[in-house]
Amino acid sequence: MTDQALNASVDLMSQRGLGPEAIRVFTHYFQQLQAGAQGTIPEDSIEPLGDIQTLGEVKVSDEEARAALSKTAVIKLNGGLGTGMGMTGAKSALEVRDGLTFLDIIALQVLALRKRWDVELPLVLMNSFRTSQESLDILAKYPDLPVEGLPLDFIQNAEPKLCPDGLMPVKWPKDPELEWCPPGHGDIYVSLVTSGVLDALLDKGIRYAFLSNSDNLGATCDPDVAAWMVEHGLPYVAEVCKRTKSDRKGGHLAVRKSDGRIVLRDTAMVAEGEERYFRDIKRHSTFNANNLWIDLEVLRERMTAKQGVLGLPIIVNRKNVDPADASSPEVIQMESAMGTAIEVFEGSEAILVPRTRFRPVKTTNDLLVIRSDFFSLDDDYHVVAAVDGPEPFVDLDSAYRFVSGFEKRFPKGVPSMRDCTSLRVIGDPVFGRNVRCVGEVLIDGYRRVLDDAVLGELPGPTTPTPPSTSGDLRTVDEHLKAILSTLEPSPTEWTPLTEALGLVVARDVRSKVDLPRFDNSSMDGYAVRADSLAGTGEAPVRLHIVGEVAAGDDPTFSVGPGEAARIMTGAPIPDGADAVIAVEDTDGAATGEVECHAAVSRGRYVRPCGEDVASGSTIVGAGEVVGARTIALLAACGHAGVEVHRRPRVVVLSTGSELVQPGQPLGPGQIHDSNSAMLWAAAVGAGASAEIRGAVGDSEDELLAALDEIVTEADVVITSGGVSMGAFDVVKSALRGKGVEFVRVAMQPGKPQGYGLLAGPDGRQVPLFALPGNPVSSFVSFEVFVRPALRRLMRLTPEKRRPRPATLISGVESFAGRRQFGRAVVSRSAEGTLVAAPVAGQGSHFVADLSRANALFVVPEDVTELVAGEVVDVLVLDKDA
Ligand code: AMP
Ligand code: MG
């Protein structure tokens, strides 16, 4: 029976035009399968790989590298269809970054190597018949790529999929192409022979080939490995990488006890019950990167001796005949893996290479990282990490799994991942432009992520902190971090819609109703049955008016054939009617008969019930900021309020015996208190509610008495003045030791800062900011420390203002070891770039110049001078800040 089965497959293969080698290999595996081969490698038959060469320790001269590369070809496995990412065409035709597909980048990498080493370095793809045309079309952009006497691709063989019962070739008339599969990438050796590419390469004097997957952009043709292989006369080299906990799945190399040869054990080759050995990363500490190097002469010899049957271990794969349809019949696919050829050649070696040579894009999680600014392409089109440290871990929800869903949710590009350690997305929010992920990020229940959002923790210092110049000063970032570490989002409370603007939603909200709530009209006109107007052509049709419906009515009549009801926008569609004809298309009659001049299709001008929102569905997610549009949605869905993080109540208190409230006459030595109103406005601008307490004189008792009162009602206290070294700096003297810490921060202005938690009633802790008194210092301190703190309390990301580069139009000087926040007027140049004009008065008492400025410019701690034309970071201020 099974001979018949084998013959049936062989006949099909010859009909398809597959060569004798392909058929011999198929037969070889078929017989193994018949004999009950499982294709497993038991743990007790192998030993761990042991010590191997590390690529970093290979010493190669330029001449050796060039010589090796001049005899090497690059072969990319390019048969992958990206079905796991919902793609139907060649996976390598997917855009990776900067408008370049995998294939573009591969081509450019090869061209760069050729130029750099002055070598021919042919590139050949192993395609399946499904990927060939699309791939060659992309490579056609590079006219210099083809090499005389060699094709740009060859097509791998195919074999019939087999029915598990009886091993007959499967029949699938729905799509006969699905009756075939590629015999795994181990088929590359056979295909190289049957396509004639092996001979063509050797004829050209190409003796070595570097084989790797086209979705692994880290797999560049490394001259050092090539030279090492040549120097030691190795027939075959496999690159391996250190295994980490997250790589427990991929195959690993080991030494076969019986003959000392290196073998590859893939996931599918693990014997039953031995998964724990396979997963043990201490025992099997490296994994196979599937970047392989082979001596083509040795390969040809071997293939000739064995008549094309290399004898790679069989992999028995069980799949559905239609991979996209889990209910289609199960089939067996006999496969082999390219990397298992390591056991075939006497003297094969492994080499330990950096992780950077293994960067496959298997999922859209991988795609996100490779598209992000975590990586960049260097001049040789190598994908290089822009940051030190491990790649961020990304786990997107199922909505992002297919490329189409992924693209839809990142319409303006993927987030910045440079400072991100992990990003997990639950749900399916759409991401805005310029989103930045920092540290560990979890997005759960968001409907969208707004433009410019910063997700996650506070970023570390953006400017390098100078070593010792700041002495005992605390850096700006340290101080901010210390403040934020004491704060948590405020408690949540149900808040009426009109008081929730700018606050963050604490819990998902579901709709109480369908939207629209009932079928209603989107036009003033007549509700009709579309059929009644079907005959409307040259001659108008007259319909009998049976009633009238206005918004808010509940019509009790129904509309029959030949009838119409006058209807207004928003009014319910009466029973029987299925369309609305606009009043403009009629004579507008109010009673009797209406003359209709147009036909309408069923559903015309009808807004169907539930079209917008289904009752019970989530309309707003926890973490969203309430804006006018959120409020519209909440109101429409029946919510008069929403659970949000409470708006912090700020009380502002000025200190100084010289202070008089604006509007009051000034006595000798007195000035108007401007900080109170300024800090009040800044707090309100940041989204808090605020209250001015007025000014207290420079008396500890007065201050403490005022604070005693304030802490009973405030969530946050801001004082100004009295924190420096003067004899009357009462804030400092009164509050030191009472939970408030006074520090000197390496910034200018704003060096003296106080912060701490005051004990409020019921064990509540009330954060207090003691800001310096000079108006400019006070303002800058608010921007740098208080605003992020208020945002954290509101569960907004602490960072709001994004530094932008601007060109200075005049030079500035700055103290060494201090971060300077200067005031500037920022505008756009004709070319669209930002230019910053520092205001004349940079002293911290210049209120008019402060008010004139619209931005702060930031001079890093280690910079003491910037000249006109240099670029500086600016923080553009809100219009109302
Ligand atoms: P101090 O930090 O108290 O030494 O004040 C530093 C400078 O800022 C002094 O010139 C004060 O007069 C001024 N100043 C302090 N508080 C205010 C305020 N609320 N409004 C305007 N100027 C102030
Ligand atoms: Mg003072």
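Source: prediction; values computed, not measured. (Residues numbered from 1 in each chain as written. Chains lettered and ligands numbered in written order. Predicted model: local features only at pLDDT ≥ 70, side-chain atom pairs only at ≥ 80, totals over all residues. Heavy atoms only, no water.)

**Section: the site of ligand 1**
Around ligand 1 lies a shell of 16 residues, among which Glu658, Asp673, Ser674, Gly722 and Gly773 are the nearest. Between ligand 1 and the protein, one listed contact pairs a nitrogen atom with a backbone N or O atom of serine 674 at 3.1 Å. Breaking the shell around ligand 1 down by element, the ones donating at least two residues are strand 37 (649–655) and strand 39 (671–672). Of the residues belonging to the shell around ligand 1, the class tally is 2 nonpolar, 11 polar and 3 charged. (Near = heavy atom within 4 Å. Polar contact = N/O pair within 3.5 Å; in protein donor to acceptor, adjacent residues only side chain to side chain. Helix = DSSP H or I, 4+ residues; strand = E, 2+ residues; numbered from the N terminus. Nonpolar A, V, L, I, M, F, W, Y, C, P; charged D, E, K, R; others polar.)

**Quick word on the nonpolar core**
Of all hydrophobic cores here, the largest spans 75 residues; its most connected members are Leu368, Leu423, Phe431 and Leu455. Broken down by element, this core gets its largest block of residues, 9 residues, from helix 4 (residues 102–117). Apart from residues no more than four positions distant in its own chain, leucine 368 is found in contact with Val394, Leu396, Phe406, Phe410, Val414, Pro415, Met417 and Leu423. Counting residues in hydrophobic clusters, the runner-up holds 62 residues, among them Val240, Ile262, Leu299 and Ile342. (Core = buried A, V, L, I, M, F, W, Y, C linked by side-chain atoms within 4.5 Å. Buried < 20%, exposed > 50% of the residue type's maximum accessible area, 1.4 Å probe, protein only. Contact = heavy atoms within 4.5 Å.)

**Overview of the packing of aromatic side chains**
Tallied over the full model, the rule gives 9 aromatic pairs. Seen from their ring centres, phenylalanine 287 and phenylalanine 358 are 4.7 Å apart, and the 65° between their planes marks the pair as edge-to-face. Of this pair, phenylalanine 287 sits in strand 14 (residues 286–295) while phenylalanine 358 sits in the loop between strand 17 (349–352) and helix 11 (364–371), and the two are 71 residues apart along the sequence. Phenylalanine 287 gets classed as buried once you look at its relative accessible area, which sits at 3%. By way of ring pairs, the aromatic residues Tyr400, Phe406, Phe410 and Phe431 are connected into one cluster. Across the ring face of phenylalanine 278, the terminal group of arginine 243 is positioned such that the distance to the ring centre comes to 5.5 Å. (Phe/Tyr/Trp six-rings, centres within 6.5 Å; stacked < 30°, edge-to-face > 60°. Lys NZ or Arg CZ within 6 Å of the ring centre and 35° of its normal.)

**A look at the pattern of salt bridges**
Under the defined criterion, the tally for this structure stands at 43 salt bridges. Here arginine 424 ties to aspartate 395 by a salt bridge, and the two come within 3.7 Å at their closest N and O atoms. With a gap of 29 residues between them, arginine 424 in strand 21 (residues 416–426) and aspartate 395 in strand 20 (residues 393–395) connect regions that are remote in the sequence. Using a relative accessible area of 37% as the deciding quantity, one classes arginine 424 as partly exposed. Here aspartate 395 falls in the partly exposed class, since its relative accessible area comes to 30%. (Salt bridge = Lys/Arg side-chain N within 4 Å of Asp/Glu carboxyl O.)

**With respect to helix 14 (residues 628–636)**
Along helix 14, the residues classified as buried are Thr630, Ile631, Leu633 and Leu634. For helix 14, the angular spread of buried residues about the axis comes to 165°, placing them on one side. Residues of helix 14 that are exposed and point over 90 degrees away from its buried face: Ala628 and Arg629. Where the residues of helix 14 are buried, they touch strand 24 (448–449), strand 27 (509–510), strand 35 (618–620) and strand 36 (641–645). (Arc of directions from axis to C-beta.)

**A word on the environment of valine 454**
Mapped onto the fold, valine 454 is located in strand 25 (residues 454–456). For the pair formed by valine 454 and proline 411, sequence separation is 43 residues and the distance between their alpha carbons is 17 Å. If near-sequence neighbours (up to four positions away) are discounted, valine 454 is found in contact with Arg436, Val438, Thr797 and Glu799.

**Brief notes about unusual backbone geometry**
Of note, the amide linkage connecting leucine 515 to proline 516 takes the cis form, showing an omega dihedral of -15°. Tracing the backbone through its elements, the reader meets proline 516 in the loop between strand 27 and strand 28 (520–521). Of the consecutive residues glutamine 748 and proline 749, the connecting peptide bond is found in the cis state with omega at -5°. Relative to the assigned elements, proline 749 resides in the loop between strand 43 (747–748) and strand 44 (752–759). Notably, aspartate 118 is not glycine yet its phi reads approximately 55°, a positive angle. As for its position among the elements, aspartate 118 is in the loop between helix 4 and strand 6 (123–127). In this structure, tyrosine 605 takes a positive phi of about 55° despite not being glycine. Checked against the element boundaries, tyrosine 605 lands in the loop between strand 33 (593–596) and strand 34 (606–607).

**With respect to the sheet that holds strand 44**
Pairing is mixed across the open sheet formed by 6 strands, whose spatial order is 40-37-41-45-44-42. At either margin of the open sheet sits one strand with a lone partner, and together these are strand 40 (689–696) and strand 42 (740–744). For this sheet, the mean inter-axis angle between neighbouring strands, taken without regard to orientation, is 15°. Pairing geometry for strand 37 and strand 41 (residues 716–720), over 5 bridges, is parallel. Across the sheet, leucine 653 pairs through a bridge with threonine 719, a residue of strand 41. This element, helix 15 (residues 675–685), spans strand 37, strand 40, strand 41 and strand 45 (765–771) of the sheet and lies at about 165° to strand 40. (Pairing = 2+ DSSP bridges. Axes fitted to C-alpha atoms, helices over the stretch in contact; angles between N-to-C directions.)

**Side note on the packing of helix 15 against helix 18 (residues 775–793)**
Axis separation between helix 15 and helix 18 bottoms out at 10 Å; the angle between their running directions is 25°. On the basis of the axis angle, helix 15 is roughly parallel to helix 18. Crossing hand, helix 15 versus helix 18: right-handed. For the pair formed by helix 15 and helix 18, the contact residues are Asn675, Met678, Leu679, Ala682, Ala683 and Gly685 on the first element and Pro775, Ser778, Phe779, Phe782, Arg787 and Leu790 on the second. Across the contact of helix 15 with helix 18, the residue classes break down as 8 nonpolar, 3 polar and 1 charged. (Parallel < 35°, antiparallel > 145°, perpendicular 65-115°, else oblique. Left-handed = near helix turned anticlockwise from the far one by under 90°.)

**Topic: the side chain of serine 9**
Along the polypeptide, serine 9 turns up in helix 1 (residues 2–15). Those residues within four positions of serine 9 in sequence are excluded, and the remaining contacts are Phe26, Pro160, Leu162 and Pro169.

**Side note on the pairing of strand 44**
Alignment of strand 42 against strand 44, held across 5 bridges, turns out to be antiparallel. Considered in strand 44, the bridge of valine 743 is made with glutamine 753. Sheet topology note: the strand 44/strand 45 ladder contains 6 bridges and is antiparallel. Paired with glycine 754 across the two strands is alanine 770, which belongs to strand 45. Linking strand 44 back to strand 45 in an antiparallel pair, the connection comprises 5 residues, with aspartate 762 at a positive phi of about 55°.

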